[in-house]
Amino acid sequence: MSEYDVVVVGAGPGGSTAAKSCAEEGLNVLIVEKRQEIGAPVRCAEGVSKSELASLVEIKKRWIAAEVAGAKVYSPDNTVITLSAEQAGNEVGYILERKIFDRWLAKQAAKAGADILVKTAAIGIEKDGEALKIKLRRAGEFFDVTAKIVIGADGVESRVGKWMGIDTTLKLNEIESCVQYLMTGLDEKYDMDYCHFWLGHSRCPGGYIWLFPKGNGSANFGIGVMPSMAKETAKYYLDRFLEAEGIGMSKVVEVVAGGVPVSPMEKISTERCLLVGDAARHADPITGGGIINAMRGGKIAGKVAAEAVRKNDFSARFLSRYDKLCKEDFGKTLERNKILQKKILKMKDETLNNLAKSLEGYRMEDMSVTGIVKELIKRNPKIFWDLKSLFL
Amino acid sequence: MPDRGRIVVDRFKCAYCGACVSVCKNNANELVETFLTIDDSKCNCCMLCVKVCPMGALSVKS
Ligand SMILES: Cc1cc2nc3c(=O)[nH]c(=O)nc-3n(C[C@H](O)[C@H](O)[C@H](O)COP(=O)(O)OP(=O)(O)OC[C@H]3O[C@@H](n4cnc5c(N)ncnc54)[C@H](O)[C@@H]3O)c2cc1C
């Protein structure tokens, strides 16, 4: 039986970054990925902030599908708010090619010294004296490896937390149910220098519709709806919207589906266990974006795991420093955005229209959610009285 | 388990995304590559997976 300091379950951006971080700290680390191909099928719209990504990895052209200069947000009555970095003359966002990006990240982890096994699912964990016995199934064969710590980076389907005593089961108001088409020939109708977002409870209950350009007139056209609020499936609402926009279904090159957790958790570590990325519900409740936080959390997880190994302390108490570090890094924003999300979900389409109108004529340069909300609060102090202290 | 029917997967609709796995507190749903399995002995037919499925691939059969 192989012995590792750390076993990472899942080779998404969170798992690969965590494994790389462990390996760089000198730990003996294994990543297991149940799929035979890392990064495929994709379950993502692939949009990230340029500056945030650049703070984590060196940018490589081969996994950038497109760059965007800003975003256009459409209220339910199609009032457009344009968020643009034009003044700065700078592109602000990347649309990744995650099939390539995820593999590249896994290779970076391997280069740093991590072992990787694909087509290998973790199917259970037993406490085995002073270590963990991670039960694996590889192409139909069963075997175990031991680890001092397990890092659960197993995405929205996560089981690692549950096996280790953290209930990560999502409720119907804690997840966005998503479907997306990668379509071509969209450049005649939409400005491909921008990401586009459509809001409105009647067209996308509890979520939004997006178009993220991927170059050469193609784009990820998708929707997320909150199952507790939606009467029909995500696919139903997307198809209905596309029909209303006059977009035919004859140029679809890929169908993507998925779930995004949009409700942060209090506890993301326990004895001998750290959760990373979607498994830790680190996706943003407002945007559903989770790539960057998965990577940030992964980096922190590697450092904390290394400290634990050096001190030979794998207690829940010691590892709770991971929770604290994540909270300081990005967890506070998640909690704040959860409060904002709850408020927005209660707003009628009419209110959203009025809010969009309140921003008319304003040149929005701060592209972040915080930037937009700050401006909304200034212009609509009565509606947002309760969020003032959180954002200003 | 009370006999409330069982969940069936429409293989032609399922896009093997794993959303259904995430809402199952009994770990009845499991995705192996593109093949979704539902363990009837663990499933209590709470219907959450039916409601979360973006593709409408799950339904209950009595
Ligand atoms: C439709 C859609 C659009 C999105 N758009 C964006 C976006 O534009 N920008 C953004 O930042 N985020 C977006 N997200 C969210 C983003 O995809 C996730 O937050 C991100 O992938 C999380 O990374 P991760 O490493 O935590 O998990 P994942 O990337 O999901 O990786 C988890 C991995 O674990 C593996 N695994 C699961 N169980 C096991 C097991 N038992 N054994 C071994 N391996 C296992 C899985 O096969 C998978 O490869 C979107 C999500 C969806 C569904």
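Just so you know, these numbers come straight off a predicted model, no measurement behind them.

Q: Tell me about the overall build of chain A, and name the residues and values.
A: Helix and strand counts for chain A stand at 10 helices and 18 strands. Scaling as 2.2 N^0.38, a compact globule of 392 residues should have a C-alpha radius of gyration of about 21 Å, and chain A matches this with 21 Å. If you line up chain A on its principal axes, its C-alpha atoms span 65 × 45 × 45 Å. Per-residue burial for chain A yields a buried fraction of 57% across its 392 residues. The contacts in chain A between residues at least 6 apart in sequence include a share of 70% that link residues at least 24 apart. Within the structure as shown, chain A displays about 16800 Å² of accessible surface, and the carbon and sulfur contribution to it stands at 48%. Positive and negative charge centroids in chain A, built from 57 and 52 side chains respectively, lie 2 Å apart.

Q: Any chance you could break down the interface of chain A and chain B for me, citing the residues and the numbers?
A: Opposite the 27 residues of chain A that make contact, chain B presents 23 residues. The contact between chain A and chain B buries some 2000 Å² in all, and 58% of this surface belongs to carbon and sulfur atoms. Broken down residue by residue, the surface that chain A buries against chain B is led by A:Glu157, A:Arg159 and A:Leu172, which jointly contribute 25%. The tally of links between chain A and chain B comes to 2 salt bridges. In this structure, A:Lys119 engages B:Glu33 in a salt bridge whose closest nitrogen and oxygen atoms are separated by 4.0 Å. Taken together, the links from chain A to chain B amount to 11 residue pairs in polar contact (both at pLDDT 80 or more). Listed by contribution, the elements that provide at least two residues to the side of chain A that touches chain B are strand S12 (175–183), helix H5 (234–245) and strand S16 (252–261) of chain A. Its residues placed into classes, the side of chain A that touches chain B shows 11 nonpolar, 7 polar and 9 charged.

Q: Kindly report on the packing of helix H1 (residues 13–24) of chain A against helix H3 (residues 98–112) of chain A, identifying the contributing residues and their values.
A: Residues and elements named next belong to chain A. Interaxial distance between H1 and H3 falls to 8 Å at its minimum, and their mutual angle equals 15°. Taken as axis vectors, H1 and H3 run roughly parallel relative to one another. Two packed elements cross with a definite hand, and for H1 against H3 that hand is left-handed. Contact with H1, carried on its side by Pro13, Ser16, Thr17, Ala19, Lys20, Ala23 and Glu24, involves Arg98, Asp102, Leu105, Ala106, Gln108, Ala109 and Ala112 of H3 and no other residues of that element.

Q: Lay out the environment of A:Ala219 with the relevant residues and their values.
A: Residue and element names in this part refer to chain A. The topology assignment puts alanine 219 in strand S15 (residues 218–225). For the pair alanine 219 and phenylalanine 197, spaced 22 residues apart in sequence, the C-alpha separation works out to 13 Å. Excluding anything up to four places from it in sequence, alanine 219 contacts Tyr181, Leu182, Met183, Leu186, Met192, Leu211, Phe212, Pro213 and Lys214.

Q: Lay out the domain arrangement of chain A with the relevant residues and their values.
A: All names here are of chain A. Entries for chain A in the domain assignment read domain 1 (2–41 + 99–171 + 265–340), domain 2 (47–95 + 172–261) and domain 3 (343–391). For domain 1 and domain 3, the distance between their C-alpha centroids amounts to 36 Å. With 6 residues of domain 1 at the contact, the number on the domain 3 side is 9 residues. The interface formed by domain 1 and domain 3 holds 0 salt bridges in total. For the pair domain 1 and domain 3, the interface holds 4 residue pairs in polar contact (both at pLDDT 80 or more). Residues belonging to the side of domain 1 that touches domain 3 are distributed by class as follows: 3 nonpolar, 2 polar and 1 charged.

Q: Which residues make up the sheet that holds S15(A), and what are the values?
A: Residues and elements named next belong to chain A. Pairing is mixed across the open sheet formed by 7 strands, whose spatial order is S6-S5-S13-S14-S15-S12-S16. Only two strands of the sheet have a single partner each, and these edge strands are strand S6 (80–84) and S16. Pairs of neighbouring strands in the sheet enclose a mean axial angle of 15°, with direction left out of account. Sheet topology note: the S12/S16 ladder contains 9 bridges and is antiparallel. The residue of S16 that forms the bridge with isoleucine 175 is proline 261.

Q: Describe the environment of B:Asp40, listing the residues and the values that go with them.
A: Residue and element names in this part refer to chain B. Looking at where aspartate 40 falls in the secondary structure, it is placed in the loop between strand S3 (35–38) and helix H2 (48–52). As a C-alpha pair, aspartate 40 and glycine 56 span 16 residues in sequence and 19 Å in three-dimensional space. For aspartate 40, the side chain forms a polar contact with the side chain of arginine 6, separated by 2.9 Å.

Q: Give a description of helix H8 (residues 349–358) of chain A that names residues and reports values.
A: Note on helix geometry: an α-helix contains 3.6 residues per turn, so any two residues three or four positions apart are oriented the same way. Where H8(A) is concerned, the buried positions are A:Asp349, A:Leu352, A:Asn353, A:Leu355, A:Ala356 and A:Ser358. Among the structural elements, S6, helix H7 (316–346) and helix H9 (369–379) of chain A are those in contact with the buried residues of H8(A).

Q: For the site of the ligand, give the residues involved together with the corresponding values.
A: Residue and element names in this part refer to chain A. Inspection of the region around the ligand gives 35 residues, with Gly14, Glu33, Ala45, Gly47 and Asp278 positioned closest. For the ligand, an oxygen atom lies 3.2 Å from a polar atom in the backbone of glutamate 46. At 3.0 Å from an oxygen atom of the ligand is found a main-chain nitrogen or oxygen belonging to isoleucine 291. Protein contacts shield 93% of the accessible area of the ligand, which totals 1000 Å² for the unbound molecule.

Q: I'd like a description of the sheet that holds strand S4 (residues 64–68) of chain A, backed by residues and values.
A: Residue and element names in this part refer to chain A. Sheet architecture is open: 3 strands sit in the order S3-S7-S4, paired in antiparallel fashion. Lying at the two open borders of the sheet, with one neighbouring strand each, are strand S3 (47–49) and S4. Each adjacent strand pair in this sheet contributes to an overall mean axis angle of 30°, direction not counted. Sheet topology places S4 next to strand S7 (residues 93–96); 4 bridges connect them, and they run antiparallel. Paired with isoleucine 64 across the bridge in S7 is leucine 96.

Conventions and cut-offs
Residues numbered from 1 in each chain as written. Chains lettered and ligands numbered in written order. Predicted model: local features only at pLDDT ≥ 70, side-chain atom pairs only at ≥ 80, totals over all residues. Heavy atoms only, no water. Helix = DSSP H or I, 4+ residues; strand = E, 2+ residues; numbered from the N terminus. Rg over C-alpha atoms; globule rule 2.2 N^0.38 Å. Buried < 20%, exposed > 50% of the residue type's maximum accessible area, 1.4 Å probe, protein only. Contact = heavy atoms within 4.5 Å. Areas by Shrake-Rupley, 256 points an atom, 1.4 Å probe, with all protein chains shown as cover. Lys, Arg positive; Asp, Glu negative; His and termini not counted. Charge placed at Lys NZ, Arg CZ, Asp CG, Glu CD. Buried area = accessible area lost by both parts, 1.4 Å probe. Salt bridge = Lys/Arg side-chain N within 4 Å of Asp/Glu carboxyl O. Polar contact = N/O pair within 3.5 Å; in protein donor to acceptor, adjacent residues only side chain to side chain. Nonpolar A, V, L, I, M, F, W, Y, C, P; charged D, E, K, R; others polar. Axes fitted to C-alpha atoms, helices over the stretch in contact; angles between N-to-C directions. Parallel < 35°, antiparallel > 145°, perpendicular 65-115°, else oblique. Left-handed = near helix turned anticlockwise from the far one by under 90°. Domains from an automatic or database assignment. Pairing = 2+ DSSP bridges. Near = heavy atom within 4 Å.

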